[in-house]
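# What the coordinates show
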Amino acid sequence: MKQRSTTERYTLADLENWRRTAGDVDPPIRLGVFGDPVAHSLSPQMQNAALREYEIRVQYARFHIRANELRSALRFLRQLDFIGINLTVPHKIAAFAQIDAANESATRAGAVNTIRVRDRKLIGSNTDGEGFLRAIRSQFSVDIRDLRILIIGAGGGTGHAIAWQCALENCERLVLVNRTLEKANALAERLRPFFAGPRVLGPVARLEAVAWDEAALRAQLGDVDLIVNATPVGMSPSDPTPIPARLLAPHHMVFDAVYSPSKTSLLRAADEAGARGANGLSMLLHQGALAFQIWFDREAPIEAMRRAL
Ligand code: NAP
């Protein structure tokens, strides 16, 4: 039997010839993550640690699947002996329209990060929102319901899931920012009923969608506690910061969903401004533990997963 490294990256062509490519890999690959890029993903090391901890003879691998390959990849997945997969950038929203059923968390967000394969059907869930909630609690020792939150990238799959979680928790205030403003406006319309209640915040609106420009951000940031980056900006070390340090203040908490590199351009800006910052590693851990629970109907070995990260 071949023992294959789990850092290896598979492609759509491999899925097409799966039995030939990986049929003799032991333990068999029956879980994975689809993304583009995907090389940075730490999910394999975390999920493989969980599988080893419970002595489940299955491996979790990376699949480099481009946006235009997702439909075919999901078609192959239905035919193969997979337990499930995770989806990362840029697939979460596109996958929602291509699965066979979705649970409440995925339907709400219109985005999927976890699929369980059952009887050749793809059942979608979204663990990003709950993972975010747990990450903020563990990183900053606060609950999102007590915060005024600004999300950059509110038009993407992760931004949607996080925004819905903030609405369900009835956070104090929510500001949605997106490069394509129409998407943030559309999301704000759907979330408006959650913010109709009578929390007293002075003159500022509890829910707003604003353009991603310096003047608009400056006008908002005085009435914001937590800033969340839910865009992929920062994944490359040469990326600019999504919010310049000059707009940040020491009272801000800055959460970057990006976790690789561990110190993103935004977190460097937070340091410069004297603000507290945290990267997405803790969210990765919690959303991954919830995904494990979906695949195996049992609590994930979270300490083993944490150690692996
Ligand atoms: P996605 O669905 O492709 O969404 C991308 C979002 O970012 C959209 O709102 C998009 O704006 C915006 N965007 C993309 N490139 C941009 C740019 N150059 N400038 C400004 N805005 C840009 O991606 P996703 O799946 O939500 O993932 C987003 C990030 O979150 C990724 O880095 C991913 O690794 C990270 N993430 C981390 C965790 C974790 O556990 N830590 C979990 C989930 C995701 P438009 O609408 O204008 O296109």
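Structural data are supplied above this passage.
A brief look at the structure comes next. What you see is a predicted model; the values in this text were computed from it and never measured.

### Topic: the sheet that holds strand 7 (residues 121–125)
Strands sit in the order 1-3-2-4-6-7-5 across an open sheet of 7 strands; the sheet is mixed. Both outer strands of the open sheet, strand 1 (9–11) and strand 5 (101–102), are each paired with one neighbouring strand and no more. Here 6 bridges tie strand 2 (residues 29–35) to strand 3 (residues 59–64), and the two strands are oriented parallel to one another. Note on strand 3: the bridge partner recorded for valine 33 is arginine 62. Each of strand 2, strand 3 and strand 4 (84–87) is contacted by helix 3 (residues 43–53), which is oriented at about 160° to strand 3, the strand it contacts most. Along the sheet, helix 4 (residues 70–79) makes contact with strand 2, strand 4, strand 6 (114–118) and strand 7, crossing strand 2 at roughly 170°.

### Considerations on the site of the ligand
Surveying the vicinity of the ligand reveals 26 residues, the closest of which are Lys92, Thr158, Asn178, Thr180 and Lys183. Contact distances for the ligand include 2.7 Å between an oxygen atom and a side-chain N or O atom of threonine 158. Separating an oxygen atom of the ligand from a side-chain N or O atom of lysine 183 is a distance of 2.7 Å. Bound to the protein, the ligand loses 85% of the 930 Å² it would expose on its own. Secondary-structure elements contributing two or more residues to the shell around the ligand are helix 8 (157–168) and helix 12 (281–296). The element that contributes the greatest number of residues to the shell around the ligand is helix 12, accounting for 3 residues. Among the residues forming the shell around the ligand, the class breakdown is 12 nonpolar, 10 polar and 4 charged.

### Remarks on the packing of helix 7 (residues 128–140) against helix 12
Their axes nearest at 8 Å, the elements helix 7 and helix 12 cross at an angle of 135°. Compared by their axis directions, helix 7 and helix 12 come out oblique. Helix 7 and helix 12 meet at a crossing whose hand is right-handed. Touching Asp128, Glu130, Gly131, Phe132, Arg134, Ala135, Ser138 and Gln139 of helix 7 are Ser282, Met283, His286, Gln287 and Leu290, all from helix 12.

### Description of the pattern of salt bridges
In total, this model carries 20 salt bridges according to the counting rule given. The closest approach of N and O atoms between arginine 78 and aspartate 100, which form a salt bridge, is 3.1 Å. Here arginine 78, found in helix 4, pairs with aspartate 100, found in the loop between helix 5 (92–96) and strand 5; they are 22 residues apart in sequence, far enough to count as distant. One salt bridge in this structure joins arginine 108 and glutamate 104, with 3.4 Å as the shortest N-O distance. In this pair, arginine 108 and glutamate 104 are both assigned in helix 6 (residues 104–109), 4 residues apart and thus about one turn of the helix distant. Connected via shared salt-bridge partners are Arg137, Asp143, Arg145 and Glu169.

### Here we look at the sheet that holds strand 8 (residues 148–152)
Spatially, 6 strands are ordered 10-9-8-11-12-13 in an open sheet, and the strand pairing comes out parallel. Strand pairing shows two members of the sheet lacking a second neighbour, strand 10 (207–211) and strand 13 (276–278), which therefore form its edges. Between one strand and the next, the sheet's axes are offset by a mean angle of 15°, whatever the strand orientation. Here helix 7 sits on the sheet and contacts strand 11 (226–229), strand 12 (253–256) and strand 13; the angle it forms with strand 12, its principal contact strand, is near 135°.

### Some words on the state of the cysteines
Among covalent bonds in proteins, the disulfide is the one between the sulfur atoms of two cysteines. Counted under the stated rule, the structure contains 0 disulfides. Between cysteine 166, a cysteine without a disulfide, and cysteine 171, which holds the nearest cysteine sulfur, the sulfur-to-sulfur distance is 4.8 Å.

### With respect to the pairing of strand 12
What you see with strand 12 is no split at all: Met253 and Phe255 on one side and Val254 and Asp256 on the other are buried throughout. As paired elements, strand 11 and strand 12 share 4 bridges and run parallel to each other. Pairing of valine 228 across the sheet is with phenylalanine 255, part of strand 12. Where strand 12 and strand 13 come together, 3 bridges link them in parallel fashion. Each bridged residue has a counterpart across the sheet, and for methionine 253 the counterpart in strand 13 is arginine 276. In the classification by handedness, the crossover that spans strand 12, the intervening helix 11 (residues 265–273) and the parallel strand 13 is right-handed.

Cut-offs and rules
- Residues numbered from 1 in each chain as written.
- Predicted model: local features only at pLDDT ≥ 70, side-chain atom pairs only at ≥ 80, totals over all residues.
- Heavy atoms only, no water.
- Pairing = 2+ DSSP bridges.
- Helix = DSSP H or I, 4+ residues; strand = E, 2+ residues; numbered from the N terminus.
- Contact = heavy atoms within 4.5 Å.
- Axes fitted to C-alpha atoms, helices over the stretch in contact; angles between N-to-C directions.
- Near = heavy atom within 4 Å.
- Polar contact = N/O pair within 3.5 Å; in protein donor to acceptor, adjacent residues only side chain to side chain.
- Areas by Shrake-Rupley, 256 points an atom, 1.4 Å probe, with all protein chains shown as cover.
- Nonpolar A, V, L, I, M, F, W, Y, C, P; charged D, E, K, R; others polar.
- Parallel < 35°, antiparallel > 145°, perpendicular 65-115°, else oblique.
- Left-handed = near helix turned anticlockwise from the far one by under 90°.
- Salt bridge = Lys/Arg side-chain N within 4 Å of Asp/Glu carboxyl O.
- Disulfide = S-S within 2.5 Å.
- Buried < 20%, exposed > 50% of the residue type's maximum accessible area, 1.4 Å probe, protein only.
- Right-handed = clockwise from strand over helix to strand, strands pointing away.

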